Structure formats: structure tokens, C-alpha cells
Amino acid sequence: VIEAVPEIMGLKQNVFAELEKLCPERTILASNTSTLSLTEIAAKVSRKERFVGLHFFNPAHVMKLVEVIYDDNTSSSTIGTMMEFSVLIGKVPIKVKNGPGFAVNRVLIPYMNEAVLALMEGEGTMEEIDEAMTDFGMPMGPFTLWDMVGLDVGLHASTTLEEAYGARTPVPELLKHLVGKKMFGRKNGAGFYDYSSGEKTPSKEVEKFLKRWWKNNPQSDLAFSPDRLLAVQIREALYILDDGFASA
């Protein structure tokens with residue numbers, strides 16, 4: 001059984017407590033959580049060896065990647081079955097030990113936030129940074145991606161990482177500001193870009209924020225380079241390896 005309810009700890013815990021009463025003992029219970037601790041979600045589950053994370057990516061019917069997340073309680077047979085299951089449904093699974101951000105968000109979220117920090121430092125416009133990253137080879141630019149993921153979802157993941165890793169993975173003030181203004185991205189018509197006219201245009205709210213920000217925070221004299229965003233991803237990948245959360 002794969003759970004995909006909202007990222008609310010109590011809600012997930014209660015779903016699994018109820019599922020355990022309804023399902024046979026052999027049933028594997030899997031959570032699609034993207035940021036919450038697997039160990040904490042499983043607090044009310046008695047058969048913890050059959051509990052696992054199965055994190056799909058958006059849009060789940062298209063994206064190949066799946067994180068099979070385990071903790072010290074998950075049995076090796078449960079992990080193996082979920083790796084096989086993922087392949088069976090046409091996905092590419094990676095095995096990741098439970099930890100803040102798992103592997104993918106731990107690499108992806110700081111990359112996306114580094115783009116916001118570069119924007120706030122005046123290294124380039126949103127369009128220039130997005131274009132630089134698509135020219136490099138990314139399927140879409142980081143600001144376009146933020147709007148697709150949802151800024152509210154992104155802020156939740158970013159806060160989790162900042163709480164875990166501190167100043168290394170800061171939450172940009174601009175991201176907090178836009179979420180505070182209820183600008184969540186494509187799903188409600190405005191985020192880093194504005195979609196209300198049917199066209200994608202830079203948000204006026206972002207422009208207003210930057211003008212105010214630059215009065216107290218001088219702009220950098222550096223021009224934006226994709227290397228800045230790639231370095232953040234490489235750094236986190238090395239930490240994941242060093243911390244023993246996933247293999248190379």
C-alpha cells in the first residue's frame with residue numbers, strides 16, 4: 001500500500017496506524033513522503049520491518065526516478081522487494097537511508113535556492129539564469145521549476161533542510177516573501193513568474209522585492225555562471241556519500 005496524503009506528520013501516522021489494522025501481516029506499507037522522517041512516520045506502526053519510503057517524483061507517471069527509503073528497522077527483504085517493484089512498473093530506483101531531504105531533495109532544493117540567492121545578489125535576471133541553465137542542459141530553468149513544484153511545497157522542504165544543515169542550506173528571503181503573499185507558482189497563477197495573462201512574464205512582486213532588497217544589500221559585480229548552481233549539487237552529493245545515506 002502506497003500512501004500519498006499531504007505532508008502532515010499526524011495525518012500520515014494515523015493513516016498507517018489504520019492501515020496496519022486493515023491489512024494482512026505480509027503487506028508492505030510505503031510512504032510517498034518527500035521530506036518527513038520515515039522513522040517518525042512509522043512511530044505508530046508495530047511491524048516496522050515492513051515499513052518503507054517509496055518517493056515518486058512529479059509528474060509521477062512520467063518521471064522514472066523513485067527513491068526507496070529505509071531506516072534501521074526496515075528489513076532487507078522489504079527493501080529488495082521495493083527495488084524489484086519499482087523496476088517492474090518501469091521506474092529507476094535508488095536506495096537511500098532515511099535522513100533530511102533523502103538524496104534527491106538534498107541535492108535539488110539547495111540548487112534551486114542557490115538560483116534565488118544569485119538573483120537576490122544581482123548576478124542575473126530570472127530569465128538570464130533560467131536560460132543559462134537550459135543552455136547548460138537542464139530540462140528547465142530553476143525559477144520555472146520552482147513555479148512547477150510549488151513555492152509552498154518548496155518552502156516546506158527548504159525549511160527542513162535549513163533546520164538540519166544550517167547556514168549551508170539557507171532559505172532565501174525572497175522565497176519566504178512570495179509564499180507569504182500566497183504566490184505558490186503555476187497552481188495559483190503567480191510565483192516567480194506571473195501566468196494570469198496566459199503568458200509567462202516575470203512577477204512584478206519579485207521586481208518590487210529586489211528593489212527594496214538592493215537598498216540594504218549591495219549587488220554583486222559577478223555575472224551569473226551555471227558553475228555556481230552545479231557546485232552546490234556536487235557539494236551535497238559528496239556529503240550524502242560521506243554521511244553514508246547512498247552509494248556513489
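Here, the structure is the one placed above.
A brief report on the enclosed structure follows. All of these numbers come straight from a predicted model, not from anything done at the bench.

## Let's talk about the sheet that holds strand 4 (residues 65-70)
Right, so step 1: Read from one edge of the open sheet, five strands run 1-2-3-4-5, paired in mixed fashion. Two strands in the sheet have a free side with no partner beyond their single neighbour: strand 1 (2-3) and strand 5 (92-97).
Right, so step 2: Where strand 2 (residues 29-31) meets strand 3 (residues 51-56), three bridges bridge the pair, whose relative direction is parallel. What sits directly across from Ala-30, in strand 3, is Val-52.
Right, so step 3: On top of the sheet, helix 1 (residues 9-22) reaches strand 1, strand 2 and strand 3; it is set at about 165 degrees to strand 2, its chief contact.

## A look at the layout of surface pockets
Right, so step 1: Empty space within the largest pocket amounts to approximately 1,200 Å³.
Right, so step 2: With six residues, helix 4 (residues 104-120) is the single largest residue contributor to the lining of the largest pocket.
Right, so step 3: Of the residues assigned to the lining of the largest pocket, the class counts are 29 nonpolar, 11 polar and four charged.
Right, so step 4: In this structure, the second largest pocket encloses a volume near 220 Å³.
Right, so step 5: What lines the second largest pocket is a set of 15 residues, among which Leu-119, Thr-125, Glu-207, Leu-210 and Trp-214 lie closest to the centre.
Right, so step 6: Of all the secondary-structure elements, those providing two or more residues to the lining of the second largest pocket are helix 5 (126-136) and helix 9 (204-216).
Right, so step 7: Looking at which element gives the most residues to the lining of the second largest pocket, the answer is helix 9, with five residues.
Right, so step 8: Class assignment for the residues of the lining of the second largest pocket results in six nonpolar, five polar and four charged.

About the criteria used
- Residues numbered from 1 in each chain as written.
- Predicted model: local features only at pLDDT ≥ 70, side-chain atom pairs only at ≥ 80, totals over all residues.
- Heavy atoms only, no water.
- Pairing = 2+ DSSP bridges.
- Helix = DSSP H or I, 4+ residues; strand = E, 2+ residues; numbered from the N terminus.
- Contact = heavy atoms within 4.5 Å.
- Axes fitted to C-alpha atoms, helices over the stretch in contact; angles between N-to-C directions.
- 1 Å grid on protein atoms, 1.4 Å probe; cavity = no way out; pocket = protein on both sides within 12 Å on 5 of 7 lines; lining within 4 Å.
- Points joined across faces, edges and corners; volume = space filled by probe spheres on them.
- Nonpolar A, V, L, I, M, F, W, Y, C, P; charged D, E, K, R; others polar.

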